[in-house]
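Here is how the chains run, residue by residue.
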Amino acid sequence: MAVCYLGMGSNVGDRLSYMLKALELLKSLGEVLRVSTIYESKAWGVVNQKDFLNCVVKFKTELEPVELLRRVKEIEKLVGRKERERWGPREIDIDILLYENYILMLSFLVVPHPYLTLRDFVLVPLLELEPQLEHPLYKKPLSEYLKSLDVSLKPFACLVGIEQKAKDKEKNH
């Protein structure tokens, strides 16, 4: 099974509810190992919109990256995502940030995520989960990229219990 990191975000309607529903649906694709703090952040790309809630999920799956992408896009639709402009408002967005040490460059999927090093709402929660992570392509600690960013995140929520369930599951196997 492969370990990957997924970024999740929402800025439409009941943002937290959309994220919790997506987390529950992700369990059908593999095992949720850990979830970062959920942060509130300013929009990135198209900035004239409501603030987002963002988190990073450490995830274990048997799905290969392309199939994982296809399945998380299905989850987005099940949660209620409506198609809008790129980087515009959304009920839920799920991105593959890292997948093992894969380097994948396809027209519809780039791993590691191409904006990984430019977004505080990705780097802060990712490093919260794994402070020692390196960029698979550049072999540079991800913490180095954070130094050049203006971090303006506000902690919003912490999901308690997910990590304990994962640890209990490991003990029983």
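Higher on the page you've got the structure.
Residues numbered from 1 in each chain as written. Predicted model: local features only at pLDDT ≥ 70, side-chain atom pairs only at ≥ 80, totals over all residues. Heavy atoms only, no water.

1. Side note on the overall build of the chain
Scanning the chain from N- to C-terminus turns up five helices and eight strands. Element order for the chain, N to C, with α for helix and β for strand: β-α-β-β-β-α-β-β-β-α-α-β-α. Its C-alpha atoms give the chain a radius of gyration of 15 Å, near enough to 16 Å, the size a compact globule of 173 residues would have. With the principal axes as the frame, the chain shows a C-alpha extent of 50 × 35 × 35 Å. Expressed as a percentage of its 173 residues, the buried residues of the chain come to 47%. (Helix = DSSP H or I, 4+ residues; strand = E, 2+ residues; numbered from the N terminus. Rg over C-alpha atoms; globule rule 2.2 N^0.38 Å. Buried < 20%, exposed > 50% of the residue type's maximum accessible area, 1.4 Å probe, protein only.)

2. Section: the layout of surface pockets
Picture a little ball the size of a water molecule; that probe, rolled over the atoms, points out where space is still empty. In this structure, the largest pocket spans a volume of roughly 630 Å³. Taken together, 24 residues make up the lining of the largest pocket; nearest its centre are Lys73, Arg86, Asp93, Asp95 and His113. Going through the elements one at a time, α2 (65-79) and β5 (93-99) are the ones with two or more residues in the lining of the largest pocket. Ranked by the residues each element gives to the lining of the largest pocket, the list is headed by β5, at four residues. Here the lining of the largest pocket is built from residues that sort into 10 nonpolar, two polar and 12 charged. (1 Å grid on protein atoms, 1.4 Å probe; cavity = no way out; pocket = protein on both sides within 12 Å on 5 of 7 lines; lining within 4 Å. Points joined across faces, edges and corners; volume = space filled by probe spheres on them. Nonpolar A, V, L, I, M, F, W, Y, C, P; charged D, E, K, R; others polar.)

3. Points about the environment of Val47
As for its position among the elements, Val47 is in the loop between β3 (38-41) and β4 (52-61). Along the sequence, Val47 and Gly88 sit 41 residues apart, while their C-alpha atoms lie 8.5 Å from each other.

4. Description of helix α1 (residues 15-26)
Spacing of three or four residues puts side chains on the same side of an α-helix, whose turn is 3.6 residues. Taking 1.5 Å per residue, 12 residues should reach 16 Å; α1 reaches 17 Å between its end C-alpha atoms and fits that length. Inspection of α1 places Arg15, Met19, Ala22, Leu23 and Leu26 among the buried residues, and these make up the whole buried set. The buried residues of α1 all sit within an arc of 100° when viewed along its axis, so they share a single face. (Expected span 1.5 Å × (residues − 1). Arc of directions from axis to C-beta.)

5. Description of the nonpolar core
Membership of the largest hydrophobic core comes to 30 residues, with the highest contact counts inside it found for Leu6, Met8, Leu26, Val57, Phe59 and Leu68. Of all the secondary structure elements, the ones that give two or more residues to this core are β1 (2-10), α1, β2 (30-35), β4, α2 and β5. The element that contributes the greatest number of residues to this core is α2, accounting for five residues. Excluding anything up to four places from it in sequence, Val57 contacts Cys4, Tyr5, Leu6, Met8, Leu23, Val32, Arg34, Val35 and Leu129. Core analysis: the second largest hydrophobic core is formed by 17 residues, Leu123, Val124, Leu142 and Leu153 among them. (Core = buried A, V, L, I, M, F, W, Y, C linked by side-chain atoms within 4.5 Å. Contact = heavy atoms within 4.5 Å.)

6. Some details on empty space enclosed by the protein
Evaluated as defined, the whole model comprises one cavity of 30 Å³ or more. In this structure, the largest cavity encloses a volume near 210 Å³. Along its surface, the largest cavity is lined by 18 residues, and Asn54, Arg90, Asp93, Arg119 and Phe121 are the ones closest to its centre. Elements supplying a minimum of two residues to the lining of the largest cavity: β1, β4, β5 and α3 (120-129). Classifying every residue of the lining of the largest cavity by side-chain character gives nine nonpolar, four polar and five charged.

7. Here we look at the pattern of salt bridges
A pair can form between side chains of opposite charge whenever their charged atoms are brought close. Scanning the entire structure with this criterion turns up 16 salt bridges. Ionic pairing is found between Arg70 and Glu67, a salt bridge with its closest N-O pair at 2.6 Å. In this pair, Arg70 and Glu67 both sit in helix α2, three residues apart, roughly one turn of the helix. According to the relative accessible area criterion, Glu67 is partly exposed, its value standing at 26%. Residue Glu91 pairs with Lys82 through a salt bridge whose shortest N-O separation is 3.9 Å. Classification of Glu91 by relative accessible area gives buried; the value is 2%. Among the ionic contacts, a cluster of salt bridges with common partners joins Lys73, Glu76, Arg81, Arg90 and Asp93. (Salt bridge = Lys/Arg side-chain N within 4 Å of Asp/Glu carboxyl O.)

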